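Geometric and topological summary
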Amino acid sequence: MRRLLAPLLAVGLLAAAVVLLHRTFRGYSWADLGGDLLALGPGVVLAALAATAVSYLAMTGYDALALRYVEHPLPYRRYGLASFVATAFGNNLGASAVVGAALRARVYSSWQVPGFAITRIIGFNVVTLALGAAVLAGSGMLLDPLKAGRALHLPGAAVLVLGSLLLASVVGYLLWACAGRPLAWRDWRIDRPSPRLAVAQVVLSTFEWLTMAAALHVLLPAEGRLPFLAFAVAFSIATIAGLVANVPGGLGVFETALVVLIGSTTSPAGLAVALVAYRLCYFVLPLLLAAVLLVVHEARRAAGRGSARTAAAGTTVPTARIPSVLTPSVLALSVAGTGVFMLMVGDLPGPRALDVSAVTISLAGLSALLMARGLHRRLKSAWAATLALLVGVTGIAAAHGDLVLAAVTAVLALLLLPARPAFYRGALFTRRQNPLWPITAIALVGVAVWWHEFSGAGGAVDAPLLAASISGDSSGVDRLAMAAGAVGVLIGGRRLLRPVVPGPRAACDDEMARVTDIVARSGRCTSQLAFTGDKRFHFSPGGAAFLMYQVEGRSWVVMGDPVGDPADFRELVWSFLEETDRHGGRPVFYNVLADHADLYRECGLSLAKLGEEAVVPLEDFTLTGRAKVNLRNCRNKSQRLGLTVEFVAAQDVAPLLPALREVSEAWLTHRNGKEKRFSLGAFDEEYVRRFPLVVVRQEGQVIAFATLWVGGDGREVQVDLMRRLPDGPRTVMTYLFIECILWAKENGFASFSLGMAPLSGLRTGGTASFWDRVGHLLWTHGEQFYNFKGLRTFKQGFHPRWRTCYVAAPGGLALPTVMVNVATLVGGGIRGVIRG
């Protein structure tokens, strides 16, 4: 329900805005829109374009100030590109702070700007943008609180308070920059800008907001047009309303707020034409230019990666993939824009050779929005469905007399045809599809279309879907049919675009035979996780190495580093990334060492620290000396309590299984948890019998045990599955580890791994990433959820050397989702991890 609240709120605000706009512009004939736009004249349009250019140029100044703040200079051609692309896409796609942050991070990271600097740049830009908005909006709220209150749906007193707070926040920011101290909270620190930099932020942001307002102001009819400064204040309030609504481009919400603020002074027809022209000048044209620039940037970046891979592996990169890096995204934006137009306008303009209700056109627009998401993900099924939809809309629009829409959809369909190779992910249609879902979707959409087009019972609904459903222009039965059609489109689109993962969730016998042979020659102990029964396997082209992985959500999570012949690792990883990409997945390498960090970075993945693994060197290990007094005391106390240790070979484990199961079940019951999976072994009799075992007895009863992993090269040993009786001696597990280490040393092993201490050793200084800061916060204050510090302290008692463990995954905003997917695999969800 929490995940649904934000989109439901956005849809509700959009629906309310559509209702008001529909009522406001009901008398305007949209068939006259093209002529009215031409009637604006070249002088007015050029003035609007000039204001737009100056506004986006001022926006690049945000990044110039931010780079000075973080003391990381870049040439203008670089930060100007990052700023323009992020702003253009953020303005159009909604969640502008998130989208802009993601694109800035992507572009800046390609120029080796550190992650912590990118985070500070993004935060600085958000503050700069807010300062100018606060100046204008706060001034407007204090000058005319009644109109501002109607636009924001707030009482006049609240508007006065809000306006005062906005202006006070600007003054407070300037005072902090002049004489304040850095803001610090636990491990977080925000340095204040210099006074000159802070003043530049306020001036530049206010100027940028004024130029943005000027782009619309010049398009308004001269008769009844507000003075510029008064209009700029109204414009800033309307823009803030659009940003808060989180609707793509503030579409509908911005227009609604502006109608409330200035609608009484401007004719509806003139305001409608000006708003459409403003959308074209300030949103659509910059978006198209930004898409072209981003295509060029990504193509160069892909070519650079391809050259690196070619040089490293001696292979060639498919040239057909490079020019199409962002073609699907550009096509998706075009289809989404067409869908928004159909969804918002609904009724087709022009003479009616074929009478089609606005509800049917709105359903087609909703379908186009869903298909655009699939196009962006490069899905074959989305390509086929979008092509069919565009052809159908082209025919309907042409028969209806709307030659503009027919031309747009026909051109998009023609562009999709040669772009077919760019949509290579997934099957054309989902395999093993439950027939209930497509039948249900088709039936619901069919009922809605039949009711409004052919039954004769449906009312004449000429309003868009959202407006007609809420404004009361249609009967209850009509609205029920509309809702059924919308639900049918959503169900059908979701099922059509659902990702398909090939093959079963577990390996077959032939694959396990190959895995067993490779693991027998592997060095790292964690390769034994291949036998837990919950892994898929991806083999190198040469067959001498493999990755073990599982799919959760969009994340294809690999457990550990590649296993097998190191000569095959590069081609193995690249082939896995290609397989993941074909299915629209997200590659994740979980709990990897620094040995192959360069390979992961070469593949475009970022490394985030998970924690540190404790490894005890055995050559010099001894229980003598002052440093080991606690270990000696623990061993002596355990022996006085009658504890004995037995090491059991794998072939002799079977008779002990009933006693081991009793211990395991008692341990799980006491902890009120369940078995973990994927990253460690669970108590499964077939799995336990594969490995040597260490058993601790007291008076002949088994009170604790652990399975032992032995590396394929015979150099390292690690404890995996550990269980003990809850009412046993407290020293039993420490005693078990001591005896295991001594046994490993006596048998000629070089090292003994105590496993990882999660979140241990994360950075906390000024160069720390967002993930490091969040992880350290959990380490410091999360003891009620997991014994982070206690586990580190316990392992430190053996005086190990610590080696860093990482997760290699797409960087930026994808990492939190990746970690949730990993937690789901390991513990059946976050709750399982906490309870475990």
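Residues numbered from 1 in each chain as written. Predicted model: local features only at pLDDT ≥ 70, side-chain atom pairs only at ≥ 80, totals over all residues. Heavy atoms only, no water.

1. Quick look at the overall build of the protein
Counting its regular elements, the protein contains 30 helices and 14 strands. Going through the 836 residues of the protein one by one, you find that 50% of them count as buried. Approximately 37,800 Å² of the protein is accessible, and the part contributed by carbon and sulfur atoms is 63%. (Helix = DSSP H or I, 4+ residues; strand = E, 2+ residues; numbered from the N terminus. Buried < 20%, exposed > 50% of the residue type's maximum accessible area, 1.4 Å probe, protein only. Areas by Shrake-Rupley, 256 points an atom, 1.4 Å probe, with all protein chains shown as cover.)

2. Some details on the packing of helix α8 (residues 156–179) against helix α9 (residues 195–217)
The N-to-C vectors of α8 and α9 enclose an angle of 160 degrees; their axes lie 8 Å apart at closest approach. In terms of orientation, α8 and α9 fall into the roughly antiparallel class. Taken as a pair, α8 and α9 cross one another with a handedness that is right-handed. Between α8 and α9, the contacting residues are V170, Y173, L174, A177 and C178 on the first element and P195, A198, V199, Q201 and V202 on the second. Among the residues forming the contact of α8 with α9, the class breakdown is nine nonpolar, one polar and no charged. (Axes fitted to C-alpha atoms, helices over the stretch in contact; angles between N-to-C directions. Parallel < 35°, antiparallel > 145°, perpendicular 65-115°, else oblique. Left-handed = near helix turned anticlockwise from the far one by under 90°. Contact = heavy atoms within 4.5 Å. Nonpolar A, V, L, I, M, F, W, Y, C, P; charged D, E, K, R; others polar.)

3. Side note on helix α20 (residues 509–519)
Buried residues of α20: V515, I518 and V519, and no others. In a view along the axis of α20, the buried residues occupy a sector of 95 degrees, so they form one face of it. Exposed side of α20, more than 90 degrees from the buried face: D509 and D510 are the residues found there. Those residues of α20 that are buried are in contact with β3 (536–539), β4 (545–552) and β6 (563–564). (Arc of directions from axis to C-beta.)

4. Digging into the packing of helix α23 (residues 629–640) against helix α26 (residues 732–746)
Where α23 contacts α26, the two axes come as close as 9 Å, and the packing angle between them is 105 degrees. Classified by the interaxial angle, the pair formed by α23 and α26 is roughly perpendicular. Only T734, Y735, I738, E739 and L742 of α26 make contact with α23, whose side of the interface consists of L631, C634, R635, S638 and Q639. A breakdown of the residues in the contact of α23 with α26 according to their chemical character gives five nonpolar, three polar and two charged.

5. A few points about the environment of R723
Tracing the chain through its elements places R723 in strand β12 (residues 716–724). Look at R723 and you get buried, because its relative accessible area is 5%. In the structure, R723 is positioned 60 residues away from V663 in sequence and 6.5 Å away in space, judged by C-alpha atoms. With near-sequence residues (within four places) excluded, R723 lies in contact with V663, S664, W667, L668, E675, F683, I703, A704, F705 and M733. In terms of polar contacts, R723 uses its side chain to reach the side chain of S664, at 3.1 Å. (Polar contact = N/O pair within 3.5 Å; in protein donor to acceptor, adjacent residues only side chain to side chain.)

6. Thoughts on the pairing of strand β14 (residues 801–809)
Pairing analysis gives three bridges linking strand β7 (residues 586–592) to β14, with the strands arranged antiparallel. What sits directly across from V592, in β14, is Y806. Inspection of the sheet shows strand β8 (residues 606–617) paired to β14 by nine bridges, in the antiparallel sense. Opposite V615, over in β14, you have R801 as the bridge partner. (Pairing = 2+ DSSP bridges.)

7. Brief notes about the side chain of T87
Residue position: T87 is located in helix α4 (residues 76–93). For T87, a relative accessible area of 7% gives the class buried. Reaching out from T87, the side chain makes a polar contact with the backbone oxygen of S83 at a distance of 2.7 Å. Leaving out residues up to four positions away in the same chain, T87 has contacts with Y56, M59 and R104.

8. Considerations on the nonpolar core
Judged by nonpolar contacts, the single largest core of 50 residues is most densely connected at L216, F231, F235, F254, L258, I262 and Y278. For this core, the secondary structure elements donating two or more residues are α3 (42–70), α4, α6 (115–143), α9, α10 (228–245), α11 (253–262) and α12 (268–313). In terms of residue count, the dominant contributor to this core is α12 (13 residues). Those residues in contact with F231 that lie beyond four places of it in its chain are A213, L216, H217, L220, L226, L258 and I262. One finds A614, L736, I738 and L742 within the second-largest nonpolar core, a separate group that totals 45 residues. (Core = buried A, V, L, I, M, F, W, Y, C linked by side-chain atoms within 4.5 Å.)

9. Concerning the confidence of the model for the protein
Looking at the protein as a whole, its pLDDT mean stands at 77, while 72% of the residues score no less than 70. Across residues 312–326, where pLDDT falls below 50, the model places 26 contacts with residues more than four positions away in sequence or in other chains. In the model, residues 347–354 has pLDDT below 50 throughout and makes 26 contacts with residues more than four positions away in sequence or in other chains. (pLDDT = per-residue confidence, 0-100.)

10. A short note on α23
Given a rise of 1.5 Å per residue, 12 residues ought to cover 16 Å, and the 16 Å separating the end C-alpha atoms of α23 matches this to within 8%. Buried residues of α23: L631, C634 and S638, and no others. Angularly, the buried residues of α23 cover 60 degrees about the axis, an arc narrow enough to put them on a single face. Its buried side turned inward, α23 meets β9 (643–648) and α26. Backbone geometry just downstream of α23 places G642 in the positive-phi region, at approximately 90 degrees. (Expected span 1.5 Å × (residues − 1).)

11. A closer look at the pattern of salt bridges
Any two side chains of opposite charge can pair, given that their charged atoms come close. Summed over the entire model, instances satisfying the criterion amount to 13 salt bridges. Residue E665 is joined to R661 by a salt bridge in which the shortest nitrogen-to-oxygen separation is 3.8 Å. Note that E665 and R661 are positioned in helix α24 (residues 657–671) at a spacing of four residues, about one turn of the helix. You can call E665 partly exposed: its relative accessible area is 44%. By relative accessible area, R661 is classed as partly exposed at 30%. Across the pair R661 and E685 runs a salt bridge, and its minimum N-O distance is 3.5 Å. Here R661 is found in helix α24, whereas its partner E685 is found in helix α25 (residues 685–688), with 24 residues between them in sequence. Via salt bridges that share partners, K609, E612 and R792 belong to a single interconnected network. (Salt bridge = Lys/Arg side-chain N within 4 Å of Asp/Glu carboxyl O.)

12. With respect to the packing of aromatic side chains
By the definition in use, this model includes 25 aromatic pairs. Ring geometry for Y549 against F576: centres 5.3 Å apart, planes inclined by 65 degrees, an arrangement best described as edge-to-face. Within this pair, whereas Y549 is found in strand β4, its partner F576 is found in helix α21 (residues 569–582), the two being separated by 27 residues in sequence. One exposure class covers both Y549 and F576, and it is buried. Residue placement shows R279 over the ring face of F283; its charged tip is 4.5 Å from the ring centre. Over the ring of F539 we find R514, and its NZ or CZ is 3.8 Å from the ring centre. (Phe/Tyr/Trp six-rings, centres within 6.5 Å; stacked < 30°, edge-to-face > 60°. Lys NZ or Arg CZ within 6 Å of the ring centre and 35° of its normal.)

13. Points about the environment of E579
If you trace the backbone, E579 turns up in helix α21. Residue classification places E579 among the buried residues on the basis of a relative accessible area of 19%. For the pair E579 and H538, spaced 41 residues apart in sequence, the C-alpha separation works out to 9.3 Å.

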